[in-house]
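Below are the chains, spelled out letter by letter.
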Amino acid sequence: MTDETKDALYLRGLEEANYCSIALHKDEAPPKALYIGMRVEDDSHFEPLTAYLKRKEISYEFADIAHQGKTLRFRDPTGIPVEFAARRDIVERRMQDYHTFRGGSPQRFDHYQVVTHDVQTATDFWSELGFRLAEYTAPASSDELWGAWLERKGNTHDIVFTNGKGPRLHHFAFTVPDVTTLIHACDVVSSLGYLDVIDRGPGRHGLSNALFVYFRDPDGHRIELFNTHYQVIDPETPPIRWDLSNPRRAQLWGMPASKRWFFEASEFKDCALFDPLLVAEPLTLEKYLEAQG
């Protein structure tokens, strides 16, 4: 934690020098997500970004936000609320303060996964912003997108779009130092009496090859701790296609996710929800166990 006020908590990973990567704000209303945040290199990048939004006939506004200054706000074509900022206040990293490591020891913020009613439209928009498709899911009969993993910093994904009622924030993710830390995080929540907050895993994804475990925070938001996906730095590397019928895409090993993992997610504040254009019945843990007799 970087700071605590009467109305907010500012959190970051142990490796991070930015003031925060997650901000939690006090609200009397039911818990909801506010924005997903991204960075531009400097203020000069706001000009081409706003020009692109104008071409897309997307309205936007600028706000002055504590600890990050000038911030561009808009909603993408599927309704996802987004912030782009050019700077953050800098604080001292804690990555070598090993005596302070606790729980899952999150190192750095890595990515978001957002549920959207229209994966193709979201993917097209963010690809034109400069994000690159690293992996995707599609049915055997076509290249119709059911899920898309897009990246900017050379790993497999910085933002993920999955099919469903949306827009909703499915989860945000932090890297951890090693596999032992994932197990230790599970042990810690269990010893504190919070066993029911383990939402999925541990396991290994087929997509991204990451070892993972998911938790739910006290407000119900889903958090992934993982270690860690491969690099896709070379621009000529083609995206990996996963067939929708292949269960190994979701878990290379480990039990299937429960129904709530597939269908529950955090709503964004003041955002209308849209039913998905594509309808699927995923293999849930409940269905898997029922089939075992």
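Residue numbering note: each chain is counted from 1, following its sequence as written. At least 70 in pLDDT is required for a residue's local features to be given in this predicted model, at least 80 for side-chain atom pairs to be given and counted, and no such filter applies to totals for whole chains, interfaces and linings, which use all residues. Computation of side-chain values covers all heavy atoms of the structure but excludes hydrogens and water.

A. Representation of the nonpolar core in the model. To form a nonpolar core, buried Ala, Val, Leu, Ile, Met, Phe, Trp, Tyr and Cys residues must be joined to one another through side-chain atoms within 4.5 Å. Only protein chains enter the area calculation, which uses a 1.4 Å probe; residues under 20% of their type maximum are buried, those over 50% are exposed, and those in between are partly exposed. Judged by nonpolar contacts, the single largest core of 46 residues is most densely connected at I36, F84, W126 and F161. Residue contacts are counted whenever heavy atoms from the two residues lie within 4.5 Å of one another. Beyond its immediate stretch of four places on either side in the chain, F84 contacts M38, R39, V40, F46, L49, K70, T71, L72, F74, W126 and L129. If you look at the next biggest cluster of nonpolar residues, it comprises seven residues, including A210, F212, Y214 and F226.

B. Spotlight on the sheet that holds strand β1 (residues 3-4). Two strands pair if DSSP finds at least two bridges between them. By definition, any uninterrupted DSSP run of H or I lasting at least four residues is a helix, any uninterrupted run of E lasting at least two residues is a strand, and each is numbered from the N terminus. Ordered in space as β1-β2-β3, the three strands form an open sheet in which the pairing is antiparallel. Whereas interior strands pair on both sides, the edge strands pair on one side only; in this sheet they are β1 and β3 (22-25). Here β1 pairs with strand β2 (residues 8-11) via two bridges, running antiparallel. Note on β2: the bridge partner recorded for D3 is Y10.

C. Broad picture of the sheet that holds strand β4 (residues 36-39). The four strands lie next to each other as β4-β7-β6-β5, forming an open sheet whose pairing is mixed. Strands at the two margins of the open sheet, each flanked by one partner only, are β4 and β5 (60-65). Ignoring strand direction, the axes of neighbouring strands in this sheet form an average angle of 30 degrees. Summarising the sheet, β5 and strand β6 (residues 69-75) pair through six bridges and their orientation is antiparallel. Residue pairing in the sheet places A63 in a bridge with T71 of β6. Lines fitted to C-alpha atoms define the axes here, with helix axes fitted over just the stretch in contact, and angles between the N-to-C directions of these axes take values from 0 to 180 degrees. Sitting on the sheet, helix α1 (residues 46-55) touches β5, β6 and β7 (81-85), and the angle it makes with β6 is about 20 degrees.

D. Up close: the packing of aromatic side chains. Stacked, edge-to-face and tilted are the three classes for Phe, Tyr and Trp ring pairs, Trp counted by its six-membered ring, which pair at centre distances within 6.5 Å; planes under 30 degrees apart are stacked, over 60 edge-to-face, the rest tilted. This structure, assessed with the given rule, holds 18 aromatic pairs. Aromatic rings pair up to connect Y52, F74, F84, F125, W126, F131 and F161 into one cluster. For a ring to carry a charge above it, either NZ of a lysine or CZ of an arginine must fall within 6 Å of the ring centroid while also lying within 35 degrees of the normal to the ring plane. Here the guanidinium or amino end of K70 rests over the ring plane of F62, the centre of that ring lying 4.7 Å away. We note R200 situated over the ring of W261; from NZ or CZ to the ring centre the distance is 4.3 Å.

E. Looking closely at helix α3 (residues 179-191). For a helix, the expected span equals 1.5 Å multiplied by the residue count minus one. Under the 1.5 Å per step criterion, the end-to-end length of α3 is 19 Å for 13 residues, consistent within 8% with the ideal 18 Å. Contacts from the buried residues of α3 go to β13 (198-204), β14 (211-216) and β15 (222-227). Of the residues trailing α3, G193 is marked for its positive phi of about 85 degrees.

F. Seen up close, the environment of M95. Among the structural elements, M95 can be located in the loop between β7 and β8 (108-116). Judged by its relative accessible area of 37%, M95 is partly exposed. Counting along the chain gives 82 residues from M95 to G13, while the straight-line C-alpha distance between them is 8.5 Å. The contact partners of M95, leaving out residues within four places of it in the chain, are L14, E15 and F101.

G. Broad picture of the side chain of T181. Following the sequence through the fold, T181 ends up in helix α3. Exposure remark for T181: the relative accessible area of 10% places this residue in the buried category. Of note is the side chain of T181, whose polar atom sits 2.6 Å from the side chain of D178. Excluding anything up to four places from it in sequence, T181 contacts G103, G104, S105 and V176. By the criterion applied in these results, polar contacts are pairs of N or O atoms within 3.5 Å in which, for protein atoms, one can donate a hydrogen and the other can accept it, and in which residues neighboring in sequence qualify only through two side-chain atoms.

H. Molecular detail of the environment of T100. When you line up the elements, T100 lands in the loop between β7 and β8. Distance in space between the C-alpha atoms of T100 and L14 is 9.6 Å, their sequence separation being 86 residues. Among the polar contacts listed, one links the side chain of T100 to the side chain of R94, at a separation of 2.8 Å.

I. Looking closely at the side chain of S266. Tracing the chain through its elements places S266 in strand β17 (residues 266-267). Within the local environment of S266, its side chain forms a polar contact with the side chain of H221, the two groups lying 2.6 Å apart. Setting aside residues up to four positions removed in sequence, S266 forms contacts with R168, L169, G220 and H221.

J. α1, seen in detail. Residues F46, L49, T50, Y52 and L53 constitute the buried set of α1. Projected down its long axis, α1 carries its buried residues within an arc of 155 degrees, all on one side. Pointing more than 90 degrees away from the buried face of α1 are the exposed residues E47, K54 and R55. Considering only its buried residues, α1 is in contact with β5, β6, β7 and α2 (119-128). Taken from the residues just after α1, E57 is the one with a positive phi, measuring 55 degrees. Note that the arc is defined by the directions from the helix axis to the C-beta atoms.

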